[in-house]
Amino acid sequence: MAAGPTTAEKRGTSKSKGTSGRSSGTGTRNSQFRVPAPRLLLLLFGLVVLVAGGVWALYGSTWFRVERVKTSGTRVLAPAEVETVAAVPMGAPLVSVDTDAIEARLRKEMPRIETIEVIRSWPHGIGLKVTERKPVLLVEKGGKFIEVDATGMQFATVDTAPRGVPRLALDGASSPSLRRFDADRLLREAVRVRGEIPTEIVRDTRVVRVTSYDSVTLELAGGRTVFWGSGEHGQTKARVLVALMKATPKAGHFDVSAPTAPASSEG
């Protein structure tokens with residue numbers, strides 16, 4: 001009588017079948033996600049053509065080249081003057097224009113410009129968005145006027161004084177304060193005070209006179225004066241001055257150097 005398969009042989013046969021079944025299933029699943037080689041090559045070729053076409057359109061074609069420059073935001077400067085200094089390369093591919101270099105050139109050559117933004121305006125333009133410095137004080141020298149902005153920068157010299165801008169008078173040549181503060185420091189102090197003067201009083205301010213670091217006087221229209229003192233506590237002094245001028249409208253001299261004890265008197 002022939003002997004039947006042993007228990008160990010049955011287990012081995014069962015494992016072989018299970019393994020074979022799993023291998024067959026995995027192979028089927030992998031084959032479902034396999035891209036045929038011809039189709040993959042076609043996709044790669046299409047991608048290369050698309051990239052090459054984009055590069056050619058930006059750099060080699062005439063579709064995206066600089067044809068015009070537009071300047072905005074100028075008040076004193078002439079747009080044509082700004083565009084000449086900008087030297088935007090006409091006819092160049094728009095994508096290759098060095099906007100940083102244009103900005104740096106304008107800032108260097110035209111100190112009246114406070115900020116400049118160079119913008120690509122597709123498909124054919126470059127925009128120059130200018131913000132000019134505004135004078136807050138004028139320094140008279142040799143019959144001309146040097147404009148000073150809110151940072152204390154002397155940025156331009158003009159023949160005619162702009163309307164509504166006070167003149168700065170530095171009378172501290174013999175002042176002991178110059179031993180500690182030079183003329184530039186006193187100028188910045190004057191700018192600081194100018195920035196605190198109330199708007200309604202700025203219109204009447206003709207001269208900001210600096211004798212020393214802690215002695216600043218405002219000369220107003222009609223011969224009136226305001227002794228401001230130092231630049232400290234500027235906002236408080238501004239509020240006190242407005243109230244004092246309303247309370248004593250006929251006064252000619254106002255003293256807010258000590259804002260907790262302001263004073264006024266007839267001129």
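Residues numbered from 1 in each chain as written. Predicted model: local features only at pLDDT ≥ 70, side-chain atom pairs only at ≥ 80, totals over all residues. Heavy atoms only, no water.

Caption draft 1: A look at the overall build of the protein. Looking only at helices and strands, one finds 7 helices and 12 strands in the protein. Within the protein, contacts between residues at least 6 apart in sequence are counted, and of these 45% link residues at least 24 apart. About 16700 Å² of surface is accessible on the protein, with carbon and sulfur atoms providing 56% of the total. (Helix = DSSP H or I, 4+ residues; strand = E, 2+ residues; numbered from the N terminus. Contact = heavy atoms within 4.5 Å. Areas by Shrake-Rupley, 256 points an atom, 1.4 Å probe, with all protein chains shown as cover.)

Caption draft 2: The arrangement of the confidence of the model for the protein in detail. In this model, the protein carries an average pLDDT of 85, and 79% of its residues clear a pLDDT of 70 or more. Between residues 12-27, whose pLDDT stays under 50, and residues either more than four places distant or in other chains, the model counts 0 contacts. (pLDDT = per-residue confidence, 0-100.)

Caption draft 3: Fine view of the pairing of strand β5 (residues 144-148). Burial runs high along β5: 4 of the 5 residues are buried. As paired elements, strand β4 (residues 137-141) and β5 share 5 bridges and run antiparallel to each other. Bridging from a neighbouring strand, L137 pairs with V148 of β5. Counting the residues between successive antiparallel strands, the hairpin from β4 to β5 contains 2 residues, one of them, G142, with a positive phi of roughly 60 degrees. Relative to strand β6 (residues 154-158), β5 runs antiparallel, the two sharing 4 bridges. Paired with F145 across the bridge in β6 is V158. Counting the residues in the hairpin turn of β5 and β6 gives 5 residues, including G152, whose phi is positive at 90 degrees. (Buried < 20%, exposed > 50% of the residue type's maximum accessible area, 1.4 Å probe, protein only. Pairing = 2+ DSSP bridges.)

Caption draft 4: Representation of the nonpolar core in the model. By size, the foremost hydrophobic cluster in this structure holds 31 residues, and its most contacted members are L137, L218, V226, W228 and L241. Of all elements in the fold, only β4, β5, α5 (183-196), α6 (199-202), β8 (205-212), β9 (215-220), β10 (225-229) and α7 (234-247) reach the threshold of two or more residues within this core. Counting residues per element, this core draws most heavily on α7, which supplies 6 residues. Filtering out sequence-adjacent residues up to four positions away, L218 remains in contact with V193, I197, V207, V208, R224, T225, V226 and W228. (Core = buried A, V, L, I, M, F, W, Y, C linked by side-chain atoms within 4.5 Å.)

Caption draft 5: Seen up close, the sheet that holds strand β2 (residues 113-121). On the basis of which strands lie adjacent, the open sheet formed by 3 strands has the order β1-β3-β2 and mixed pairing. The sheet is open, and its two edges are formed by β1 (68-72) and β2, each paired on a single side. If you compare each strand with its neighbour and ignore which way they point, the axes differ by 20 degrees on average. Bridge count between β1 and strand β3 (residues 125-132): 5 bridges; the pairing is parallel. By the bridge assignment, K70 is partnered in β3 with G127. Against the sheet, helix α4 (residues 99-109) contacts β2 and β3, and its axis sits at roughly 155 degrees relative to β2. (Axes fitted to C-alpha atoms, helices over the stretch in contact; angles between N-to-C directions.)

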